[in-house]
There are 6 protein chains.
Amino acid sequence: MTNFTHFNDDGRAKMVDISNKSETARKAIARSSVQMNRIVYENITQQKIKKGDVLSVAQVAGVMAAKQTSSFIPMCHPIPISGVDLSFEWVYTEKDMYELLIDAEVKTVGNTGVEMEALTAASATALTVYDMCKAVDKGMVIGQTYLLEKSGGKSGDYKR
Amino acid sequence: MTNFTHFNDDGRAKMVDISNKSETARKAIARSSVQMNRIVYENITQQKIKKGDVLSVAQVAGVMAAKQTSSFIPMCHPIPISGVDLSFEWVYTEKDMYELLIDAEVKTVGNTGVEMEALTAASATALTVYDMCKAVDKGMVIGQTYLLEKSGGKSGDYKR
Amino acid sequence: MTNFTHFNDDGRAKMVDISNKSETARKAIARSSVQMNRIVYENITQQKIKKGDVLSVAQVAGVMAAKQTSSFIPMCHPIPISGVDLSFEWVYTEKDMYELLIDAEVKTVGNTGVEMEALTAASATALTVYDMCKAVDKGMVIGQTYLLEKSGGKSGDYKR
Amino acid sequence: MTNFTHFNDDGRAKMVDISNKSETARKAIARSSVQMNRIVYENITQQKIKKGDVLSVAQVAGVMAAKQTSSFIPMCHPIPISGVDLSFEWVYTEKDMYELLIDAEVKTVGNTGVEMEALTAASATALTVYDMCKAVDKGMVIGQTYLLEKSGGKSGDYKR
Amino acid sequence: MTNFTHFNDDGRAKMVDISNKSETARKAIARSSVQMNRIVYENITQQKIKKGDVLSVAQVAGVMAAKQTSSFIPMCHPIPISGVDLSFEWVYTEKDMYELLIDAEVKTVGNTGVEMEALTAASATALTVYDMCKAVDKGMVIGQTYLLEKSGGKSGDYKR
Amino acid sequence: MTNFTHFNDDGRAKMVDISNKSETARKAIARSSVQMNRIVYENITQQKIKKGDVLSVAQVAGVMAAKQTSSFIPMCHPIPISGVDLSFEWVYTEKDMYELLIDAEVKTVGNTGVEMEALTAASATALTVYDMCKAVDKGMVIGQTYLLEKSGGKSGDYKR
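Just so you know, these numbers come straight off a predicted model, no measurement behind them. (Residues numbered from 1 in each chain as written. Chains lettered and ligands numbered in written order. Predicted model: local features only at pLDDT ≥ 70, side-chain atom pairs only at ≥ 80, totals over all residues. Heavy atoms only, no water.)

S.K.: Help me understand the overall build of chain A in this model?
M.R.: Scanning chain A from N- to C-terminus turns up three helices and six strands. Listing the helices and strands of chain A from first to last along the sequence gives β-α-α-β-β-α-β-β-β. Looking at the 160 residues of chain A, the share that counts as buried comes to 64%. Across chain A, every contact between residues at least 6 apart in sequence was considered, and the portion connecting residues at least 24 apart equals 71%. Total accessible area on chain A stands at roughly 5500 Å², and carbon and sulfur atoms take up 44% of it. In chain A, which carries 19 positive and 19 negative side-chain charges, the distance between the mean positions of the two groups comes to 1 Å. (Helix = DSSP H or I, 4+ residues; strand = E, 2+ residues; numbered from the N terminus. Buried < 20%, exposed > 50% of the residue type's maximum accessible area, 1.4 Å probe, protein only. Contact = heavy atoms within 4.5 Å. Areas by Shrake-Rupley, 256 points an atom, 1.4 Å probe, with all protein chains shown as cover. Lys, Arg positive; Asp, Glu negative; His and termini not counted. Charge placed at Lys NZ, Arg CZ, Asp CG, Glu CD.)

Here it is as structure tokens:
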């Protein structure tokens, strides 16, 4: 059975040693989403025509969260992120329900991947959308959150 | 239409003024999950018999994330959290797939709710499980994340 | 001569004891600004018609900085801020120069004032405007930063 | 046997619920120290006559660390600290060895004690002295770190 | 017109990708100041003969703020700073008014500049001087804050 | 006399410039401990057979603290840590007293050492053990904390 790498010989968690891994350009894209009813959807999209909007706050949250990842995820290495970009897409699902797709792309040149940074950025963006709209409806749901793709590093590329 | 409270007269985001809200005991419970195959499942559950395990690291991450919520979610008020408790439950779903349910309960005595703290704690716990198991399978999915219930405060109780 | 309160009997800095100060509603408003040429000004104001803009990022920075104040200013007490609001105003100064006025209002119910939180929020907002426009002109200047007014607390109200 | 309070029914760590504990004035004093040879001792004490010195940097570190305690100690509650004061005392021990005693006093009005804040402040102060002098001697030792006294709260006063 | 680099194709803010920029030695010097009356000036300068003083606390604040820059300025890259140095100079201005000039020099070897780190360090230093003296006079003003010079990197050197 | 490197020409503290130091693989191991009576000892060791235990929480604290070192120790450089491993060993001392030895090993590939990261990790681990057991006995003592060994870098290897 494949063994976990995050544990030492005593069976205790450790931060895996990556001293010998080489520095390469790496990228990861993660997706999350927020599912909401028509009222919340219209509040968000109509707000857009004003100067500030829910999505621009949420996306700043995502960028800043990517930088905080290693203080958030215990065994995650601190990584000098070289770029973060968040994009949004609206999907009409069914029965007056809408889904806001959130894609977070993170890049680095380093000796470990940025999957966790991308996943954390996507999660923080989704949580912020929830926070700013929860006065209207607490029943919103943050959809599945997962890795879409990664590239760079010894373990090879991954595409969902 | 219900208006968003997070925007000022210029249409820009603000941190809502809660100076006049009264201090009451408040509680929120949020749920997230991690969906994984049998190999990851067995790695986690067999690890349990050792001194350290994935879930105990993930749960520390959840408690610490609850305390970091306001530095993570831009318009979220800093709140002196009075208690955090995380619990796990395994569900066998289908076709050799397992789901780890994560419930995060957060309490405070304060003048605003702790929904975001509970959601953030649940998300961080799920992300940490992913981080510690991703060497085995990058295809794990963090399931839907949502508020199960809240109590306390003027807006009344909520139960999903 | 009025003595500094931030030093102990050994002449060393301390965080002043406020255990005996009573909790009251407090407010502070601070001002900063960014002085820029017409090219930067037009870049910012034309960007406004798009979905994201410089000012909405800068203003999220200001809100988040207000919450970080006590980890930024060594002798500053951690305060549960109850509200933050930032507003902008454009002033045409002279010779094709423009000044963006930034007013940061911070509120709390607590036993010490929020002057530092307001000043820090205004500074972070100005610094973020600089950051986002410095590719166009590094010669921008952050204008004077000062307290406009404060209310609440034993030391009485202040108005510039 | 006295049971630990930091674990839930599943045997997992939690942040203990203090919602029902009453707010009282609380104080804790902790001690740490740094043991060093004559050369380091003279470097520190002669530096004092200049404008900046090792001890004033170390003491700022202690005050700031007290405020960071809950992001450092996983199950520690975030507490609005109302005062921090650090004091130093030199002791000549033996054989050209000197010990710098560091006492950290922390105060709050809250529903849990500040023992951890005082211990963390004392530790950070000692670590900073080490950091600033390690170019001269890496063999310095941070002495025992312990609680000297605490007062306030249901569990009663403690004095070593 | 020169375009902003901080926005993606949707017009939303992003953290600019610097993966392809080469690592070079970089330096930036920024200036801020605090303008104060004779009473505050004398309090600060007389304090200097004691062991701790306002300026040594403020300068520690500046060094620590430089390291926090990327958690303060949303689109700013996390950078491994290799050195920070703050210097002070007193200027007698007019009518019993004094100005404390604050110069912050930051260095790195990296793939983006440290202008924001230098500006943030200078600002934090000025804000800390204000904090420690505000009990004497809330009317102090933080003077203009700007980049004095930078070197290293593709965009070339800059000197005010 | 060996001069301190942490001060500039004005005698004020600075973060030492390490721009010209070369990147090499570096390692440091630091030790701390917690001294406790039999009751605390039995509580900890019997807890181990449950899913969560004191030591696994403490060790997560140590790993996370290593990453926070530069925001804790003022003049410490931010370093991209490449690995952290904590190990425990029980020692029976005398008169029903037990000592938990804590060794923290930290690695990096960088241009300055990780002694402070190892010392901070060991201290945070010890403080967390104290925190989780203090309800049973506030009289526990954190034992001496010191550098066991370091390797890499121009200043050569060190072994206690």
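S.K.: Sorry, what's going on with the pairing of strand β2 (residues 81–92) of chain D here?
M.R.: Here is the key point about a regular strand: its side chains alternate between the two faces of the sheet. Residue and element names in this part refer to chain D. For β2 and strand β3 (residues 97–110), the ladder comprises 11 bridges, and the chain directions are antiparallel. In the sheet register, V84 faces β3, and the bridge partner there is V106. In this antiparallel pair of consecutive strands, β2 and β3, the connection spans four residues, and K95 shows a positive phi of 45°. (Pairing = 2+ DSSP bridges.)

S.K.: I'm lost on the confidence of the model for chain A in this one. Help?
M.R.: Low-confidence regions, as indicated by low pLDDT, have predicted coordinates that should not be scrutinised in detail. Scored by pLDDT, chain A comes out at a mean of 91, with 94% of its residues at no less than 70. Taken element by element, chain A is modelled with least confidence in helix α1 (residues 38–47) of chain A, mean pLDDT 89, and with most confidence in strand β4 (residues 141–142) of chain A, mean pLDDT 98. (pLDDT = per-residue confidence, 0-100.)

S.K.: Before we go on, may I ask you to explain the packing of helix α2 (residues 54–68) of chain E against helix α3 (residues 115–133) of chain E in this structure?
M.R.: In a packed pair of helices, the relevant descriptors are the angle between the two axes and the axis-to-axis distance. Residues and elements named next belong to chain E. Remark: α2 packs on α3, axes separated minimally by 7 Å, with the N-to-C direction vectors making an angle of 145°. Relative to α3, the crossing made by α2 is right-handed. Contact with α2, carried on its side by V54, L55, V57, A58, Q59, A61, G62, A65 and A66, involves E117, T120, A121, A124, T125, T128, V129, M132 and C133 of α3 and no other residues of that element. Here the contact of α2 with α3 is composed, by residue class, of 12 nonpolar, five polar and one charged. (Axes fitted to C-alpha atoms, helices over the stretch in contact; angles between N-to-C directions. Left-handed = near helix turned anticlockwise from the far one by under 90°. Nonpolar A, V, L, I, M, F, W, Y, C, P; charged D, E, K, R; others polar.)

S.K.: Looking at this structure, I do not really get the side chain of A:N8. What am I missing?
M.R.: Considering the arrangement of structural elements, one finds A:N8 in the segment before β1 (24–37). Assessed through its relative accessible area of 9%, A:N8 is described here as buried. Of the polar contacts made by the side chain of A:N8, one reaches the backbone oxygen of F:L86; its length is 3.4 Å. Not counting residues up to four positions away in its chain, the partners in contact with A:N8 are A:K14, F:D85 and F:L86. (Polar contact = N/O pair within 3.5 Å; in protein donor to acceptor, adjacent residues only side chain to side chain.)

S.K.: Honestly, the environment of A:K14 in this entry has me stumped. Any pointers?
M.R.: Positionally, A:K14 belongs in the segment before β1. Each C-alpha atom, one on A:K14 and one on A:D131, is 33 Å from the other, the two residues being 117 residues apart in sequence. The contact partners of A:K14, leaving out residues within four places of it in the chain, are A:T5, A:H6, A:F7, A:N8, A:M75, F:V84 and F:D85.

S.K.: Sorry, what's going on with the relation of the copies chain B and chain A here?
M.R.: Both copies of the chain are related by a screw-like operation: a rotation about an axis and a shift along it. Expressed as a screw transformation, the operator carrying chain B onto chain A has a rotation angle of 180° and an axial translation of 0.0 Å, and the superposed copies differ by an RMSD of 0.0 Å. Such a combination of turn and shift is consistent with a two-fold rotation axis. For chain B, the minimum C-alpha distance to the rotation axis belongs to B:Q144 and amounts to 2.6 Å. Both copies present the same face, since 100% of the interface residues in chain B are matched by interface residues at the equivalent positions in chain A. (Least-squares fit on C-alpha atoms with pLDDT ≥ 70 in both.)

S.K.: Can you walk me through the packing of aromatic side chains in this structure?
M.R.: Aromatic ring pairs: the centre-centre distance and the angle between the two ring planes describe each pair. The full count for this structure, using the stated rule, is 21 aromatic pairs over all chains. For the ring pair A:Y41 and A:W90, a centre distance of 4.8 Å and an interplane angle of 80° mean the geometry is edge-to-face. With A:Y41 in helix α1 and A:W90 in strand β2 (residues 81–92), the pair connects residues that are 49 residues apart, well separated along the chain. Owing to a relative accessible area of 23%, A:W90 belongs among the partly exposed residues under this scheme. Measuring from centroid to centroid gives 5.2 Å for D:Y92 and D:Y98, while their planes differ by 70°, and the two rings are edge-to-face. (Phe/Tyr/Trp six-rings, centres within 6.5 Å; stacked < 30°, edge-to-face > 60°.)

S.K.: Just to check I follow, could you spell out the interface of chain B and chain A for this structure?
M.R.: By a widespread convention, an interface's size corresponds to the accessible area lost as its parts come together. Taken residue by residue, the interface counts 62 residues in chain B and 62 residues in chain A. Overall, the association of chain B and chain A removes approximately 5300 Å² of surface from exposure, summing both partners, and the carbon and sulfur fraction of that is 66%. Summed over the three residues of chain B that lose the most area to chain A, namely B:F4, B:F72 and B:K138, the buried surface amounts to 15% of that side. Run the count over chain B and chain A and you get two salt bridges. (Buried area = accessible area lost by both parts, 1.4 Å probe. Salt bridge = Lys/Arg side-chain N within 4 Å of Asp/Glu carboxyl O.)

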